[in-house]
Amino acid sequence: MSIEVQQETLKSTNVTEYIGKVLGLIEKENLTVEEAKWITEETVEGFRENINPGFLEYRKTVTLDNQFAAVEWSDEGSCFKDVNGKEYIDCLGGFGIYNVGHRNPKVLKAVQDQLQHQALHSQDLLDPLRAMLGKVLAEITPGDLKYSFFTNSGTESVEAALKIAKMYSDRTTFISTTRAFHGKSLGSLSGTAKGVFRKPFLPLIPGFRHVPFGDIEIMRKTFEVCQFVGEDVAAVILEPIQGEGGIILPPQNYLKEVRALCDEYGALLILDEVQTGMGRTGKMFAAELYNVEPDILCLAKAFGGGIVPAGAIIANEKTFKSLFDNPFMHTTTFGGNPLACAAALATIKVLIEEDLPTRAAEVGKYLLSGLRESTVGYEDKVMEIRGQGLMIGIEFHSDEVGYEFSKGMFDEGVLVAGTLVNSKTIRIEPPLTISYSEVDQVIATFKKVLSQLR
Ligand code: PLP
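Treat the numbers as computed from the prediction; the structure is a model and nothing was measured.

Cut-off values and rules
- Residues numbered from 1 in each chain as written.
- Predicted model: local features only at pLDDT ≥ 70, side-chain atom pairs only at ≥ 80, totals over all residues.
- Heavy atoms only, no water.
- Pairing = 2+ DSSP bridges.
- Helix = DSSP H or I, 4+ residues; strand = E, 2+ residues; numbered from the N terminus.
- Near = heavy atom within 4 Å.
- Polar contact = N/O pair within 3.5 Å; in protein donor to acceptor, adjacent residues only side chain to side chain.
- Nonpolar A, V, L, I, M, F, W, Y, C, P; charged D, E, K, R; others polar.
- Buried < 20%, exposed > 50% of the residue type's maximum accessible area, 1.4 Å probe, protein only.
- Patch = residues over 30% accessible without salt bridge, like charges linked within 9 Å, V, L, I, M, F, W, Y side chains within 5 Å.
- Areas by Shrake-Rupley, 256 points an atom, 1.4 Å probe, with all protein chains shown as cover.
- Salt bridge = Lys/Arg side-chain N within 4 Å of Asp/Glu carboxyl O.
- Core = buried A, V, L, I, M, F, W, Y, C linked by side-chain atoms within 4.5 Å.
- Domains from an automatic or database assignment.
- Contact = heavy atoms within 4.5 Å.
- Phe/Tyr/Trp six-rings, centres within 6.5 Å; stacked < 30°, edge-to-face > 60°.
- Lys NZ or Arg CZ within 6 Å of the ring centre and 35° of its normal.

For sheets, the rule is that strands pair by backbone hydrogen bonds, running either parallel or antiparallel. In spatial order, the strands read 1-2-3-13; together these 4 strands make up an open sheet with mixed pairing. The sheet is open, and its two edges are formed by strand 1 (72–76) and strand 13 (414–415), each paired on a single side. Where strand 2 (residues 79–82) and strand 3 (residues 87–90) come together, 3 bridges link them in antiparallel fashion. What sits directly across from F80, in strand 3, is Y88.

Our next topic: the site of the ligand. Around the ligand, the neighbouring residues are S153, G154, T155, F181, H182, G183, E239, E244, D272, V274, Q275 and K301. Note that a nitrogen atom of the ligand is positioned 3.4 Å from one of the backbone N or O atoms of F181. One of the side-chain N or O atoms of Q275 is found 2.8 Å from an oxygen atom in the ligand. Looking at the shell around the ligand, its residues break down into 2 nonpolar, 6 polar and 4 charged.

Put simply, side chains in a regular strand alternate between the two faces of the sheet. The alternating pattern of strand 9 (residues 296–299) places I296 and C298 on one face and L297 and L299 on the opposite face, and all of these are buried. Where strand 8 (residues 268–272) meets strand 9, 3 bridges bridge the pair, whose relative direction is parallel. Note that in strand 9 the partner of I270 across the bridge is I296. Across 4 bridges, strand 9 lies against strand 10 (residues 311–316) in antiparallel orientation. Bridge pairing links C298 to I313 in strand 10.

With that settled, consider a nonpolar patch on the surface. A cluster of nonpolar side chains, V15, Y18, I19, L23, I26 and W73, forms an exposed patch at the surface whose accessible area comes to about 540 Å². With 5 residues, the single largest contributor to the nonpolar patch is helix 2 (residues 15–27). With respect to the element layout, W73 can be found in strand 1. Using a relative accessible area of 36% as the deciding quantity, one classes W73 as partly exposed.

The subject of this paragraph is the nonpolar core. Of all hydrophobic cores here, the largest spans 87 residues; its most connected members are L137, M219, F223, F303, I394 and F405. Per-element accounting of this core gives the leading share, 10 residues, to helix 14 (residues 338–353). Summarising the domain contributions, this core has at least three residues from each of domain 1 (64–99 + 355–454) and domain 2 (106–353). In contact with L137, not counting residues within four places along its chain, are S148, F150, L299, F303, A312, I314 and I348. Ranked by size, the runner-up nonpolar core spans 22 residues in total, among them V158, A165, A234 and F320.

The next thing to look at is the environment of S190. Its place among the elements puts S190 in helix 9 (residues 186–191). A relative accessible area of 0% means that S190 is categorised as buried. When near neighbours in sequence (up to four residues on either side) are disregarded, S190 contacts R198, L204, I205, F208 and H210.

Before going further, it helps to spend a moment on the packing of aromatic side chains. Taken as a whole and assessed by the stated rule, the structure comprises 14 aromatic pairs. Geometrically, the ring pair formed by Y88 and F410 is stacked, given 4.6 Å between the ring centres and 20 degrees between the ring planes. Residue Y88 is located in strand 3, and its partner F410 is located in helix 16 (residues 399–411); the two are separated by 322 residues in the primary sequence. Judged by its relative accessible area of 1%, Y88 falls in the buried class. Accessibility expressed as a relative area gives 5% for F410, which makes it buried. A centroid spacing of 6.4 Å and a plane angle of 15 degrees characterise the contact between F150 and F303, whose relative ring orientation is stacked. Taken together, the residues span a long stretch of sequence, with F150 in strand 4 (residues 145–151) and F303 in the loop between strand 9 and strand 10 at a distance of 153 residues. F303 matches F150 in its accessibility class, with the two residues each being buried. Taken together through their ring pairs, the aromatic side chains of F80, Y88 and F410 make up a single cluster. Taking NZ or CZ as reference, K21 lies 4.1 Å from the ring centre of W38, over its face. Of note, K194 hangs over the ring of F197, and the distance from its end group to the ring centre comes to 5.9 Å.

Overall, the coordinates contain 20 salt bridges when judged by the stated rule. Between E35 and K28 there is a salt bridge, with its nearest N and O atoms 2.9 Å apart. Put simply, D380 and K381 hold a salt bridge, and the shortest N to O gap is 3.5 Å. Given the relative accessible area of 54%, D380 is considered exposed. A residue is classified by how much of its surface remains accessible, and K381, at 12% relative accessible area, is buried. Linked by salt bridges that have partners in common, R259, D263, D295 and K318 make up one network.

What is shown is where atoms sit, not what they do.
Following this line, the structure appears as structure tokens:
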């Protein structure tokens, strides 16, 4: 925008007055009908003019003529509310970030307590919470994982893992899998599998090969070929259960067999547990489901307790040692900041004390069987329902049916959504704290919406 146009725009809005109004609304406990209306109009207008009008076309929460838009405002437990006070059960869970529930009071308290004396770190002194969280992670993660590097998001965790694998191995080949999703920054996008997200940015990081997820023979042949042509594999990167790819579970021995191949060829195993980690699948980490120890574990999403954006990688000493000489080889200003560490520490305490991984396994089983029973007679619409813990996918026969279904659920007050790689599959990833009565409500709504699908 040219300076003249920018000044013209600024002239039409008194910025400080406008911000004052917004801050005043944030401060309020309850909104009036007029305020809710103003917020909705400003939101739709703001998305159209200053964010990206494409969202208004895409969002199922906005009607075609923009007459009505669901604009979120508050959240608690398993639910969030829009500005008009309509409540939704959150079965999308921010794509898996609300494992301990929305605004868990214990996580909130830890963050508020930390805010009272320091928000961000100096970057120069030693910040204590980073060390303490590192110690806790070394205790709770599988095998001999020991050293942590903290990030602000999933894609950053994957970037860190890839760079450390290169530093460690002096190799440049990575094996990823079809339907993988590892993020959208250029390094992690190289591992991500969906063409539509990758194509405009090619060439990505050289050296990535994708093999079909779950097929150990092709993985073995790829290792052989890479060695034969002198492009030895630095690492295999895998989601133990693919999330964005459509909630795809691996064959039972697959991860163990991949681990063995990595050992045979001197490659590292990076497990991307950005979505499966922190109790989601019925264990604290999905690696435990398959009895596998990675060299590097990637975390994010639920790691900050749904309150502060936070991520981490945890690596074994052999792998991480390559950063000892110069810890500044890979850095990020905000990674591991005191607020994020306070949130992560409190989140881990809640997960352990309330045994939420076990709860995810039990409630997940109940929900999965309830959903499966409800599909009897609707086999022409629903192809399969699968899942592990509270990571459940409902695969429809077509994108259109899946879209109609998620819209129907939304109208009935249950938020669900497709996956980024496979939009035929609707994912169900509620907080692990969801109550049985809320689960019953989800199942009843599922049944009702299914019966209304054309
Ligand atoms: N890895 C996995 C397995 C994910 O599911 C995601 C996000 O969906 C990412 C990485 C990227 O995380 P973020 O969106 O925080 O960058």
